[in-house]
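# Notes for the structure review
Now for the letters of each chain:
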Amino acid sequence: MENPANGIKDTMWHFLKDGGQKANIPELKDAVYRLIQMTTQKTAGQPGHAKATHISWETLDMELFRIVIEATALVLSGELDKLEEINAKEAANK
């Protein structure tokens, strides 16, 4: 699928065009790992039961939104395309 924002002439939407974002892979990994921590902790981060390292489930929507934002930036940066090309070349050489 092509990026629909690439055809928009209005500069307001430039940030959604290909190349309009910079990937922050460490932030994406951190957000995913926080979600995994939330999923695997036994207390749901409830006050009175949670350990100091637990994350409250009240922040779930923000954690998911962090992942969506960073994944979008990764796609728009073009870094994911480079990885796809490398994988395609490796698959062709097998």
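Residues numbered from 1 in each chain as written. Predicted model: local features only at pLDDT ≥ 70, side-chain atom pairs only at ≥ 80, totals over all residues. Heavy atoms only, no water.

## Overview of the overall build of the chain
Check the secondary structure of the chain and you find three helices and zero strands. Helices and strands in the chain line up, N terminus first, as α-α-α. Computed over its C-alpha atoms, the radius of gyration of the chain comes to 18 Å, more than 25% above the 12 Å expected for a compact globule of 94 residues. Across its three principal directions, the C-alpha atoms of the chain cover 50 × 45 × 20 Å. Burial analysis of the chain (94 residues in total) assigns 20% to the buried set. Restricting to contacts in the chain with at least 6 residues of sequence separation, those with at least 24 account for 50%. For the chain, the computed accessible surface area is about 7,300 Å², with 61% contributed by carbon and sulfur atoms. (Helix = DSSP H or I, 4+ residues; strand = E, 2+ residues; numbered from the N terminus. Rg over C-alpha atoms; globule rule 2.2 N^0.38 Å. Buried < 20%, exposed > 50% of the residue type's maximum accessible area, 1.4 Å probe, protein only. Contact = heavy atoms within 4.5 Å. Areas by Shrake-Rupley, 256 points an atom, 1.4 Å probe, with all protein chains shown as cover.)

## Observations regarding the pattern of salt bridges
Under the defined criterion, the tally for this structure stands at five salt bridges. In this structure, E27 and R66 form a salt bridge, with 2.5 Å as the shortest nitrogen-oxygen distance. Of the two residues, E27 is situated in helix α1 (residues 25-40) and R66 in helix α2 (residues 60-77); the sequence distance between them amounts to 39 residues. Its relative accessible area of 21% is what places R66 among the partly exposed residues. Several salt bridges share partner residues, and in doing so they unite E27, D30, R34, E63 and R66 into one network. (Salt bridge = Lys/Arg side-chain N within 4 Å of Asp/Glu carboxyl O.)

## Describing the side chain of Q41
Here Q41 shows up in the loop between α1 and α2. Within polar-contact distance, the side chain of Q41 engages the backbone oxygen of I55 at 2.4 Å. Sequence-distant contacts of Q41, that is, excluding residues within four places in its chain, are made with H54, I55 and W57. (Polar contact = N/O pair within 3.5 Å; in protein donor to acceptor, adjacent residues only side chain to side chain.)

## Section: a negative patch on the surface
Side chains of E2, D18, D81, E84 and E85 sit close together on the surface and give a patch of like negative charge. Position of D18 among the secondary structure elements: in the segment before α1. (Patch = residues over 30% accessible without salt bridge, like charges linked within 9 Å, V, L, I, M, F, W, Y side chains within 5 Å. Lys, Arg positive; Asp, Glu negative; His and termini not counted. Charge placed at Lys NZ, Arg CZ, Asp CG, Glu CD.)

## Some thoughts on the environment of T72
Summarising the element assignment, T72 is placed in helix α2. Distance in space between the C-alpha atoms of T72 and A23 is 8.7 Å, their sequence separation being 49 residues. Of note is the side chain of T72, whose polar atom sits 2.8 Å from the backbone oxygen of V68.

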